[in-house]
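Each chain, written out:
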Amino acid sequence: MTRIPISGEPPLTDEEIRYARQLIEQDRNQRYVVRMLKTHAPWIFLIIGSILSGLYWIITHVTFIKGTP
């Protein structure tokens, strides 16, 4: 692919083009992760909250005291 330099700039090298494409791909991946987190946040909080409330119940209701029958 032949590029016409703008305002006398030298054309991009293959390495620079690869770097720019990697940046674009990383940006797409970050936006995808953020979108998925926003979409699934209620479910994530529901599951984590259930697990934590279960752990809280176990910690507060199941005690092992030495010397009790």
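Everything that follows concerns the structure shown earlier in this document.
Description of the structure in this document. All values reported here derive from a predicted model rather than from experimental measurement. (Residues numbered from 1 in each chain as written. Predicted model: local features only at pLDDT ≥ 70, side-chain atom pairs only at ≥ 80, totals over all residues. Heavy atoms only, no water.)

1. Brief notes about the overall build of the protein
- Looking only at helices and strands, one finds one helix and zero strands in the protein.
- The proportion of buried residues among the 69 residues of the protein is 0%. (Helix = DSSP H or I, 4+ residues; strand = E, 2+ residues; numbered from the N terminus. Buried < 20%, exposed > 50% of the residue type's maximum accessible area, 1.4 Å probe, protein only.)

2. Here's the deal with the pattern of salt bridges
- Evaluated as defined, the whole model comprises two salt bridges.
- One salt bridge in this structure joins R28 and E25, with 3.4 Å as the shortest N-O distance. Of the two residues, R28 and E25 are both situated in helix α1 (residues 14-61); the distance of three residues between them amounts to about one turn of the helix.
- Residue classification places E25 among the partly exposed residues on the basis of a relative accessible area of 37%. (Salt bridge = Lys/Arg side-chain N within 4 Å of Asp/Glu carboxyl O.)

3. What about the environment of T60?
- Following the sequence through the fold, T60 ends up in helix α1.
- A distance of 2.9 Å separates a polar side-chain atom of T60 from the backbone oxygen of Y56.
- A distance of 3.0 Å separates the side chain of T60 from the side chain of H61, its partner in a polar contact. (Polar contact = N/O pair within 3.5 Å; in protein donor to acceptor, adjacent residues only side chain to side chain.)

4. Comments concerning a nonpolar patch on the surface
- Together, Y32, V33, L37, W43, I44, L46, I47, I48, I51, L52, L55 and I59 make up a nonpolar patch on the protein surface, roughly 1200 Å² of accessible area in all.
- Locating I44 in the fold gives a position in helix α1.
- For I44, a relative accessible area of 34% corresponds to the partly exposed category. (Patch = residues over 30% accessible without salt bridge, like charges linked within 9 Å, V, L, I, M, F, W, Y side chains within 5 Å. Areas by Shrake-Rupley, 256 points an atom, 1.4 Å probe, with all protein chains shown as cover.)

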